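Here is what each chain is made of, one letter per residue.
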Amino acid sequence: MIDDGSTPETAFAGATRRRVCATPPADVITLAAWLATEASGYDDVLAAADSNGKDWLPRAAALAGVQAFSDVIGFSAADILQRAIYAGDLIETVQSHQPRLWATVRTAAFASLAGDLPARDLLHAPSTASVPGIRVLGRQAQGGLSLKDARALVAGGRALASADNFIAVLQPLAERLGGVLAASRAAVDAGYAPNSWQVGQTGQIVAPEVYVAVGISGAAQHVAGMRDSSLIIAINTDPDAPMMRLADIAWQADLFDAVPALCAALDGYCSRNTGL
Ligand SMILES: Cc1cc2nc3c(=O)[nH]c(=O)nc-3n(C[C@H](O)[C@H](O)[C@H](O)COP(=O)(O)OP(=O)(O)OC[C@H]3O[C@@H](n4cnc5c(N)ncnc54)[C@H](O)[C@@H]3O)c2cc1C
């Protein structure tokens with residue numbers, strides 16, 4: 001059972017019955033209480049290790065009296081799993097002695113089975129419920145492509161220096177790459193970008209085809225969220241920044257010159273190859 005339809009193949013090898021839970025925008029306490037009861041008939045309960053899954057799955061596990069494992073990236077047996085710890089610097093192998101496995105899994109580490117799931121296997125969580133002590137005042141859809149679905153991410157850091165710069169400099173590049181914007185925590189904390197754009201240990205774990213890190217130093221907590229990207233491009237004035245060492249393409253330059261120049265180069269490439 002998992003919240004977004006993507007699910008780890010090996011975790012379900014040999015499973016006799018599998019159900020996927022589509023979670024509407026319900027409050028986390030409602031979801032946790034519902035899941036703790038609903039899941040009693042199942043062996044394993046898995047959720048994506050994103051900000052939602054990390055919020056409600058441990059709560060539900062606690063209510064069900066089960067230990068939850070976080071950030072699972074692999075299984076070597078039904079009860080032996082690998083999980084990332086210390087911002088992904090170490091991989092811990094753990095054996096569970098519990099009869100049931102509850103875990104959040106990093107979806108980027110597994111192949112998706114979403115397309116294979118028959119509709120009858122969908123389980124719908126309640127969208128509303130009355131929870132003592134909580135009243136939902138409103139909800140706002142974010143819209144657009146999510147960080148996890150985007151094939152290209154253009155991520156900005158503290159060096160962007162303002163919210164206006166963040167959009168004005170990075171958005172044109174994201175549009176040319178068909179991607180969306182992301183951010184370091186320093187950029188989010190400074191108010192340059194919304195919290196939902198944060199990549200890293202306390203943000204989203206992503207693995208796009210292209211990740212452009214603009215003015216991001218590459219702290220371990222940020223790299224923990226994007227190190228599995230297929231192609232990493234770094235733009236930074238400091239050649240010794242950790243992100244420059246990690247990157248497949250490291251461009252030592254001032255971002256305020258480099259990003260517009262990259263956009264112009266992409267425009268030139270497109271017009272030469274399409275005649276537009
Ligand atoms: C418990 C914990 C959890 C955390 N979780 C996260 C997380 O999930 N995600 C996250 O991102 N961080 C996280 N952090 C914070 C992390 O440690 C770093 O502080 C943060 O990632 C730094 O963001 P930054 O790279 O934008 O800023 P900085 O580290 O300040 O780097 C700015 C970079 O921009 C470069 N630069 C400056 N000017 C220019 C220019 N004009 N052109 C080009 N380059 C320029 C500099 O050389 C530098 O490398 C966490 C920290 C803790 C303690």
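As the structure is a computational prediction, the values presented were derived from the model and not from experiment. Along each chain, residue indices are assigned from 1 in the same order as the chain's sequence is written. Local features in this predicted model are restricted to residues of pLDDT 70 or higher, and side-chain atom pairs are both shown and tallied only at a pLDDT of 80 or more, whereas totals for entire chains, interfaces and linings draw on every residue.

### Remarks on the pairing of strand S3 (residues 68–77)
On a regular strand, each side chain points to the face opposite its neighbour's, so the side chains alternate between the two faces of the sheet. In terms of strand pairing, S3 meets strand S6 (residues 101–105) through 3 bridges, oriented parallel. When the bridges of S6 are listed, valine 72 appears paired with valine 105. By definition, two strands form a pair when at least two bridges between them are found by DSSP. Helix numbering and strand numbering both begin at the N terminus, where a helix is a DSSP run of H or I of at least 4 residues and a strand a DSSP run of E of at least 2. Pairing of S3 with strand S4 (residues 80–85), which is carried by 4 bridges, proceeds in the antiparallel orientation. Pairing of glycine 74 across the sheet is with glutamine 82, part of S4. Hairpin connection between S3 and S4: a loop of 2 residues separates the two successive antiparallel strands.

### Section: the nonpolar core
Here, a nonpolar core means buried Ala, Val, Leu, Ile, Met, Phe, Trp, Tyr and Cys residues linked by C-beta atoms lying within 7 Å of one another. Exposed residues have 12 or fewer other C-beta atoms within 10 Å of their own C-beta, buried residues have 20 or more, and partly exposed residues fall in between, where C-beta atoms are placed from the backbone. Membership of the largest hydrophobic core comes to 69 residues, with the highest contact counts inside it found for Leu153, Val154, Ala155 and Val214. Looking at this core, the element that brings in the most residues is helix H3 (residues 163–177), giving 6 residues. In this entry, domain limits derive from an automatic or database-based domain assignment. When residues of this core are assigned to domains, at least three map to each of domain 1 (10–124) and domain 2 (152–274). Leave out the neighbours within four places in its chain, and alanine 155 touches Ala182, Ala183, Ser184, Val199, Tyr211, Val212, Ala213, Val214 and Ile216. Distance between backbone-placed C-beta atoms decides contact: two residues are in contact if it is within 7 Å.

### Focus on the sheet that holds strand S10 (residues 210–214)
Strand order in the open sheet formed by 5 strands is S9-S8-S10-S11-S12, and the pairing between neighbours is parallel. If you trace the sheet from one side to the other, it starts and ends with strand S9 (180–183) and strand S12 (249–252), each paired once. Averaged over neighbouring strand pairs, the angle between their axes works out to 20° when direction is ignored. Two strands pair when backbone bridges link them, and strand S8 (residues 152–156) and S9 are joined in this way by 4 bridges, in the parallel orientation. Its bridge partner being in S9, glycine 156 is matched across the sheet by alanine 183. Strand contacts of H3: S8, S9 and S10, with the helix running at about 165° to S8, the strand carrying the most contacts. In this description, a line fitted to the C-alpha atoms serves as the axis of each element, helices being fitted only across the stretch in contact, and the angle between N-to-C directions of two axes falls anywhere from 0 to 180 degrees.

### Considering unusual backbone geometry
One non-glycine residue, aspartate 71, lies in the positive phi region at around 55°. Since 22 C-beta atoms lie within 10 Å of it, aspartate 71 is described here as buried. For alanine 161, which is not glycine, the phi torsion reads 75° and is therefore positive. Considering the arrangement of structural elements, one finds alanine 161 in the loop between S8 and H3.

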